[in-house]
Amino acid sequence: MTAPTLEIYLSDDDLTSALRADARLGLTADPKWLPPKWFYDARGSELFEQITELPEYYPTRTERALLERVVGEIARTAQAEVLVELGAGSAAKTRLLLSALTAEGPLKTYVPQDVSSSALRAAAAEIATEFPGLAVHGVVSDFTDTLHNLPRGGRRMIAFLGGTIGNLVPAERAEFLSSIREVLEPGEQLLLGAGLVIDPAVLVPAYDDAAGVTAEFNRNVLHVLNSRLDADFEPDKFAHVATWETEDEWIEMRLEATEDMTVTVRELDLTLQFARGEQMRTEISAKFRIDGLDAELAAAGFETEQVWTDPDNRFALVLAARR
């Protein structure tokens with residue numbers, strides 16, 4: 001077994017600087033907003049793992065079941081020598097891809113990317129042990145602006161799973177997909193996981209579960225601001241709100257102030273006023289239609305090769321090649 005390697009392009013200081021910039025921009029906007037990536041400190045990651053096991057939260061298990069069913073076909077079609085995974089985390093679902101790609105023969109290298117060096121180091125070590133013939137080359141970075149740091153060489157397939165593409169608004173998606181195209185060679189591929197538009201009666205409970213786990217996850221961003229930026233939010237005074245925005249075709253999560261309050265963010269020298277009933281957006285989760293996905297990929301310079309969906313048409317895996 002070859003020991004995994006790790007390249008670090010994102011330090012704790014870089015993360016803090018990014019948080020400061022995002023918080024200042026979002027908290028001084030009207031209406032206020034925060035990016036969803038700041039949910040994920042250690043506690044936020046634990047809460048999200050709990051969410052994926054809730055009966056209402058279908059996306060994770062639906063994508064996994066779909067991947068289990070079609071992974072062999074993906075591997076035969078892609079014939080990838082290098083698998084790059086953006087936002088790898090624990091690399092749980094990726095093991096299915098790695099098994100199929102190594103069974104097909106050509107896979108030589110796995111490149112997990114994540115913002116967390118500790119999570120990536122642990123996942124890389126586990127994968128290197130489970131797949132002793134595979135070179136593991138981890139990259140600690142933010143996938144939204146450091147794709148150029150991904151290693152080159154070999155026929156690559158970039159996997160972006162979990163429906164995370166839906167956390168980006170359309171302009172951000174267009175920029176992100178174009179940036180992926182820029183780092184790929186013609187014929188190299190993107191495997192994209194995306195949630196599909198379905199009945200809001202099923203969608204909304206997935207983001208507003210009866211046990212209140214998603215509500216705690218939503219409020220966790222305030223705990224992050226308190227601990228990282230010396231803010232004095234009282235998270236329990238904010239209510240979790242999840243709505244289906246019909247025109248935009250996305251779920252929108254917000255935090256609603258339950259009373260008038262003043263909040264200080266000392267690290268930013270900010271004093272904020274929240275009126276009772278004021279809502280702050282913390283996440284969108286866009287859902288897609290197949291023709292819309294195809295159009296967005298085409299606009300970014302990709303050609304859709306194959307689309308797989310689950311029997312209920314709740315989730316899609318799209319394999320697209322860089323033109």
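Each chain carries its own residue numbering, running from 1 in the written order of its sequence. Owing to the predicted nature of the model, reporting of local features is limited to residues with pLDDT of at least 70; listing and counting of side-chain atom pairs is limited to 80 or more, with chain, interface and lining totals taken over all residues. Each side-chain value is worked out from all heavy atoms of the structure, with water and hydrogens disregarded.

Peer 1: Can you explain the UniProt feature "domain: Histidine-specific methyltransferase SAM-dependent" (unreviewed entry) in the chain? Please cite residues and give values.
Peer 2: UniProt positions are given in the numbering used here, feature names are shortened, and annotations may be inferred rather than shown by experiment. As annotated by UniProt and renumbered to match this structure, "domain: Histidine-specific methyltransferase SAM-dependent" (unreviewed entry) occupies residues 20-321. Only runs of H or I of at least four residues qualify as helices and only runs of E of at least two qualify as strands under DSSP, and these elements are numbered from the N terminus. Across residues 20-321, helical content stands at 37% and strand content at 25%; the span's end C-alpha atoms are separated by 37 Å.

Peer 1: Please set out helix H4 (residues 94-104) residue by residue, giving values where relevant.
Peer 2: Only protein chains enter the accessibility calculation, which uses a 1.4 Å probe. A residue is then buried if its area is under 20% of the maximum for its type, exposed if over 50%, and partly exposed in between. By the burial criterion, the buried members of H4 are Thr94, Arg95, Leu96, Leu97, Leu98, Ala100 and Leu101. Residue contacts are counted whenever heavy atoms from the two residues lie within 4.5 Å of one another. Elements in contact with the buried residues of H4: helix H3 (59-78), strand S2 (82-85), strand S3 (109-114), helix H5 (117-130), strand S5 (156-160) and strand S6 (189-195). Phi turns positive, to about 110°, at Gly105, one or two residues after H4.

Peer 1: Describe in detail the environment of Pro170, supporting the description with residues and values.
Peer 2: Within the element layout of this structure, Pro170 appears in helix H6 (residues 170-183). Remark: the alpha-carbon pair of Pro170 and Asp248, spanning 78 residues in sequence, is separated by 9.6 Å.

Peer 1: Can you break down the sheet that holds S3 residue by residue, with the values?
Peer 2: A sheet is described by the order of its strands in space; here 8 strands give the open sequence S1-S4-S3-S2-S5-S6-S13-S12, paired in mixed fashion. Each edge of the open sheet carries a strand with a single partner, namely strand S1 (5-8) and strand S12 (302-309). Each strand axis lies, on average, 20° off the axis of its neighbour in the sheet, ignoring direction. One ladder, built from 4 bridges, connects S1 with strand S4 (residues 135-140); its direction is parallel. Bridged to Glu7 within S4 is Val139. Here an angle of 0 to 180 degrees is reported between the N-to-C directions of two axes, which are lines fitted to C-alpha atoms, with helices fitted over the stretch in contact. Across the face of the sheet, H5 comes into contact with S1, S3 and S4 while running at roughly 175° to S4. Each of S6, S12 and strand S13 (315-322) is contacted by helix H9 (residues 290-299), which is oriented at about 155° to S12, the strand it contacts most. One bridge is not enough; two strands pair if DSSP finds at least two bridges between them.

Peer 1: Give a detailed account of the UniProt feature "binding site: L-histidine" (unreviewed entry) in the chain, specifying residues and quantitative values.
Peer 2: In the numbering used here, UniProt assigns the feature "binding site: L-histidine" (unreviewed entry) to Tyr57, Asn167, Tyr207, Glu283, Ile284 and Ser285. Turning to its location among the elements, Tyr57 is positioned in the loop between helix H2 (42-52) and H3. Since its relative accessible area comes to 8%, Tyr57 is described here as buried. Setting aside chain neighbours within four positions, we find Tyr57 in contact with Phe48, Ile51, Thr52, Ala206 and Tyr207. Beyond its immediate chain neighbours, meaning those up to four positions away, Ser285 contacts Gly166, Asn167, Tyr207, Trp250 and Ile251. Only 3.0 Å separates the side chain of Ser285 from the side chain of Tyr207, close enough to count as a polar contact. In protein, a polar contact requires one atom able to donate a hydrogen and another able to accept it; more generally it is a pair of N or O atoms within 3.5 Å, and residues adjacent in sequence count only if both atoms are side-chain atoms.

Peer 1: Report on the pairing of strand S7 (residues 238-245), specifying residues and quantitative values.
Peer 2: When S7 meets strand S8 (residues 250-257), the two strands line up antiparallel, connected through 8 bridges. Directly across from Ala242, in S8, lies its bridge partner Met253. Adjacent in sequence and paired antiparallel, S7 and S8 are bridged by 4 residues, among which Glu249 carries a positive phi angle near 55°.

Peer 1: Hey, could you go over the sheet that holds S8 for me, with residue numbers and the actual values?
Peer 2: What the 3 strands build is an open sheet, ordered S7-S8-S11; its pairing is antiparallel. Pairing within the sheet leaves two strands with one partner each, and these edge strands are S7 and strand S11 (279-286). Neighbour-to-neighbour, the strand axes of this sheet turn through a mean angle of 20°, independent of strand direction. Of the strand pairs in this sheet, S8 and S11 are connected by 7 bridges, and their pairing is antiparallel. Counterpart to Leu255 in the pairing with S11 is Met280. Against the sheet, helix H8 (residues 213-229) engages S7, S8 and S11, with an angle of about 115° to S7.

Peer 1: Just give me the short version of the packing of aromatic side chains, but keep the residues and values in it.
Peer 2: Working definition: rings of Phe, Tyr and Trp (its six-membered ring) pair if their centres are within 6.5 Å, and the pair is stacked with planes under 30 degrees apart, edge-to-face with planes over 60 apart, and tilted otherwise. For the structure on display, the rule yields 13 aromatic pairs. For the pair Phe39 and Phe217, a centre-to-centre distance of 4.5 Å together with 40° between the ring planes defines the contact as tilted. Separated by 178 residues along the polypeptide, Phe39 in the loop between helix H1 (12-27) and H2 and Phe217 in helix H8 bring together distant segments of the chain. Clustering of aromatic rings is evident, with ring pairs tying together Phe39, Tyr40, Phe48, Tyr57, Tyr207 and Phe217. Both a distance and an angle decide whether a charge sits over a ring: NZ of Lys or CZ of Arg must be within 6 Å of the ring centre and within 35 degrees of the ring normal. Lying across the ring of Phe274, Lys32 places its NZ or CZ 4.6 Å from the centre. The ring of Tyr58 has Arg314 sitting right over it, with the charged end atom 5.2 Å from the ring centre.

Peer 1: Could you give an account of the pattern of salt bridges, naming the residues involved and the relevant values?
Peer 2: Throughout this description, the term salt bridge denotes a Lys or Arg side-chain nitrogen within 4 Å of a carboxyl oxygen of Asp or Glu. For the coordinates displayed, the defined rule picks out 20 salt bridges. Among the ionic pairs, Asp142 bridges to Lys37, the shortest N-O distance being 3.2 Å. Of this pair, Asp142 sits in the loop between S4 and S5 while Lys37 sits in the loop between H1 and H2, and the two are 105 residues apart along the sequence. Asp142 gets classed as buried once you look at its relative accessible area, which sits at 12%. Note that Glu234 and Lys237 form a salt bridge whose closest N and O atoms lie 3.3 Å from each other. We classify Glu234 as partly exposed; its relative accessible area is 43%.

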